[in-house]
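A closer look at the structure
These are the residues of each chain, in order.
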Amino acid sequence: MYTDQFDLDDAMTIPDNPEARQEAVIRLVSELSTVDKATDQFDLVDALTMPDNPEARRQAVICLVSEMATVDDATGDCSICFQSLSEGTPKQVSCNHVYHRQCITDWLLNGRSNTCPMCRHDI
Ligand SMILES: [Zn+2]
Ligand SMILES: [Zn+2]
């Protein structure tokens, strides 16, 4: 009997049932190829680490930055450009550091990583 709840881990570790194991591997591989295509599931992390598609990368960065919280009453300086955060649009990243929207956008676009410039936290 087949249900949707086919336990891959169980099947992969059954040593005395090569057929179940083969079935499990086929299923695993078919699931992998589905994830690879990712047509309607736009994967930010994938796009951010895509060196050969600058346009997708740019879109991903813009999308990521636009989703960051805007800090209306930010004080202090942006650690990227050293200008006051009260100028421009301060954006708060997931580790609570605050940068200008333009600065963090440029940082993400020019860097090869999507980590905070201050603490290397994943943004
Ligand atoms: Zn700045
Ligand atoms: Zn940080």
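Residues numbered from 1 in each chain as written. Chains lettered and ligands numbered in written order. Predicted model: local features only at pLDDT ≥ 70, side-chain atom pairs only at ≥ 80, totals over all residues.

The name an unreviewed UniProt entry gives the chain is E3 ubiquitin-protein ligase RNF181-like, with Durio zibethinus as the organism.

1. Here's the deal with the overall build of the chain
Counting its secondary structure elements, the chain contains five helices and three strands. Listed by position from the N terminus, the elements making up the chain come as α-α-α-α-β-β-β-α. Per-residue burial over the chain gives 16% buried out of 123 residues. Considering only contacts in the chain between residues 6 or more positions apart, those separated by 24 or more positions represent 26%. (Helix = DSSP H or I, 4+ residues; strand = E, 2+ residues; numbered from the N terminus. Buried ≥ 20, exposed ≤ 12 C-beta atoms within 10 Å, placed from the backbone. Contact = placed C-beta atoms within 7 Å.)

2. Some words on the sheet that holds strand β1 (residues 69-70)
Pairing is antiparallel in the open sheet, where three strands are placed in the order β1-β2-β3. What marks the edges here is a single partner per strand, and that holds for β1 and β3 (98-100). As paired strands, strand β2 (residues 90-92) and β3 are joined by three bridges and run antiparallel to one another. Residue pairing for β3: K91 is matched across the bridge by Y99. Seen against the sheet, helix α5 (residues 101-110) touches β2 and β3 and runs at an angle of roughly 90° to β3. (Pairing = 2+ DSSP bridges. Axes fitted to C-alpha atoms, helices over the stretch in contact; angles between N-to-C directions.)

3. Details of the nonpolar core
Membership of the largest hydrophobic core comes to 15 residues, with the highest contact counts inside it found for V61, L64, Y99, C103, I104 and L108. At the level of secondary structure, the elements contributing two or more residues to this core comprise α4 (54-67), β3 and α5. With residues up to four places along the chain from it excluded, the contact list for Y99 reads C78, S79, I80, K91 and I104. (Core = buried A, V, L, I, M, F, W, Y, C linked by C-beta atoms within 7 Å.)

4. Things to note about the environment of D73
Inspection of the secondary structure puts D73 in the loop between β1 and β2. The class for D73 is exposed, based on 7 C-beta atoms found within 10 Å. Each C-alpha atom of the pair D73 and P90 lies 8.7 Å from the other, and the pair is 17 residues apart in sequence.

5. As for α4
Taking 1.5 Å of rise per residue, the 14 residues of α4 would be expected to cover 20 Å, and the 20 Å separating its terminal C-alpha atoms lies within 8% of that figure. Buried within α4 we find A60, V61, L64 and V65. With its buried residues spanning 125° around the axis, α4 presents them on a single face. Facing away from the buried side of α4 by more than 90 degrees, the exposed set consists of E55, C63, S66 and E67. (Expected span 1.5 Å × (residues − 1). Arc of directions from axis to C-beta.)

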